[in-house]
Amino acid sequence: MTQDEMKQAVAQAAIDYVVPKLKSDDIIGIGTGSTANCFIDALAQHKDKFQSAVASSEASADRLRSHGIEVVDLNQTGGLEFYVDGADEFDPHLNLIKGGGAALTREKIVAGASKEFVCIVDQSKQVDLLGAFPLPVEVIPMARSFVARELVKLGGEPEYRQGVVTDNGNIILDVHNMSILDPKAAEDQINNIAGVVTVGLFALRGADLLIMSTPEGVEVIKAD
């Protein structure tokens, strides 16, 4: 299978897992990115099975609405049954790096508000140790240089993602060459730098279930 075919296969596997569990008044969280887009497109055929969706980005909200799926503000909900999204990397414990699409803060909020986080990826995202993919950090603009200096002290090489403004009006620093031996501790440490909105480590609230497509088929991995 090509990478696009693998993304479509894993999106369909997520549909097969999530849709039978939905009730008519459920609200589900939807992520951002090319794999999440495949899920949105497949979900459109089942929009009568749930009430509405919360999107982690304006781009995903627009795509949901284009399929006739109602998008609501998270503040209007009492919580979400599922959050379905991709990842840029995952390790054997289902710790994730996310934020390649610059939606990491809203993704983390929606994941935190959801009972079950289903991560959908292709095999290329699988690693033994997080950090080969540059770690995104969303930063308040006035703190960019200060946060970058603090990230250097932690052993990273931050790079300003030129021309990118998040849906929250902030900027992204991508941290290269950081070995993330303890994802939970690293998430806490970076989040505590003044000026950081959030870091793209999803370890304190990682995935509950990961569905991975491979050239041979689809694998399901549960959190340990």
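Computed from a predicted structure; not experimentally measured.

(A) How the structure looks around the overall build of the chain. Along the backbone of the chain there are 6 helices and 13 strands. Taken over C-alpha atoms, the radius of gyration comes to 17 Å for the chain, in line with the 17 Å a tight globule of 224 residues would show. Classification of the 224 residues of the chain by burial places 52% in the buried group. In the chain, of all internal contacts separated by at least 6 residues, the share reaching a separation of at least 24 is 75%. On the chain, the mean spot of the 19 positive side-chain charges and the mean spot of the 33 negative ones are 3 Å from each other.

(B) Geometry of the packing of aromatic side chains. Enumeration according to the criterion identifies 2 aromatic pairs in this entry. Look at Tyr17 and Phe82: their rings are 6.4 Å apart centre to centre, the planes differ by 80 degrees, and that puts the pair in the edge-to-face class. Linking Tyr17 in helix H1 (residues 3-18) with Phe82 in strand S3 (residues 80-85), this pair joins segments that are 65 residues apart in sequence. For the ring pair Tyr83 and Phe117, a centre distance of 5.1 Å and an interplane angle of 40 degrees mean the geometry is tilted. Of this pair, Tyr83 sits in strand S3 while Phe117 sits in strand S6 (residues 114-122), and the two are 34 residues apart along the sequence. The burial state of Tyr83 is the same as that of Phe117; both residues are buried. Over the aromatic face of Phe202 sits the side chain of Lys98, whose NZ or CZ is 5.5 Å from the ring centroid.

(C) Region of interest: the packing of H1 against helix H2 (residues 34-43). Between H1 and H2, whose axes approach to 8 Å, the crossing angle comes to 50 degrees. Between H1 and H2, the angle is such that the two are oblique. The handedness of the crossing between H1 and H2 is right-handed. Residue-level inspection shows Lys7, Gln8, Val10, Ala11, Gln12, Ala14 and Ile15 of H1 in contact with H2, the latter providing Ser34, Thr35, Cys38, Phe39, Ala42 and Leu43.

(D) Focus on helix H3 (residues 58-66). If you check which residues of H3 are buried, you get Ser60, Ala61 and Leu64. Projected down its long axis, H3 shows its buried positions confined to an angular sector of 100 degrees, all on one face. Turned more than 90 degrees off the buried face of H3, the exposed positions are Ala59 and Ser66. Residues of H3 that are buried sit in contact with strand S1 (27-30), H2 and strand S2 (52-55). Just downstream of H3 lies Gly68, where phi reads positive at about 80 degrees.

(E) How the structure looks around the side chain of Glu187. Take Glu187: it is sitting in helix H6 (residues 183-191). For Glu187, the side chain forms a polar contact with the main-chain nitrogen of Ala203, separated by 2.9 Å. Aside from chain neighbours lying at most four places away, what touches Glu187 is Lys108, Val199, Leu201, Phe202, Ala203 and Leu204.

(F) Examining the sheet that holds S6 more closely. One open sheet accounts for 6 strands, arranged S2-S1-S3-S6-S12-S13; its pairing is mixed. Pairing within the sheet leaves two strands with one partner each, and these edge strands are S2 and strand S13 (217-222). Put simply, the sheet's adjacent strands are angled 20 degrees from each other on average, direction ignored. With 2 bridges joining them, S1 and S3 adopt parallel strand pairing. The residue bridging Gly29 from the neighbouring strand is Tyr83, located in S3. In the packing of H1 onto the sheet, the strands contacted are S3, S6, strand S12 (209-214) and S13, and the crossing angle to S12 comes to about 145 degrees. In the packing of helix H4 (residues 104-112) onto the sheet, the strands contacted are S1, S2, S3 and S6, and the crossing angle to S3 comes to about 145 degrees.

Cut-offs and rules
- Residues numbered from 1 in each chain as written.
- Predicted model: local features only at pLDDT ≥ 70, side-chain atom pairs only at ≥ 80, totals over all residues.
- Heavy atoms only, no water.
- Helix = DSSP H or I, 4+ residues; strand = E, 2+ residues; numbered from the N terminus.
- Rg over C-alpha atoms; globule rule 2.2 N^0.38 Å.
- Buried < 20%, exposed > 50% of the residue type's maximum accessible area, 1.4 Å probe, protein only.
- Contact = heavy atoms within 4.5 Å.
- Lys, Arg positive; Asp, Glu negative; His and termini not counted.
- Charge placed at Lys NZ, Arg CZ, Asp CG, Glu CD.
- Phe/Tyr/Trp six-rings, centres within 6.5 Å; stacked < 30°, edge-to-face > 60°.
- Lys NZ or Arg CZ within 6 Å of the ring centre and 35° of its normal.
- Axes fitted to C-alpha atoms, helices over the stretch in contact; angles between N-to-C directions.
- Parallel < 35°, antiparallel > 145°, perpendicular 65-115°, else oblique.
- Left-handed = near helix turned anticlockwise from the far one by under 90°.
- Arc of directions from axis to C-beta.
- Polar contact = N/O pair within 3.5 Å; in protein donor to acceptor, adjacent residues only side chain to side chain.
- Pairing = 2+ DSSP bridges.

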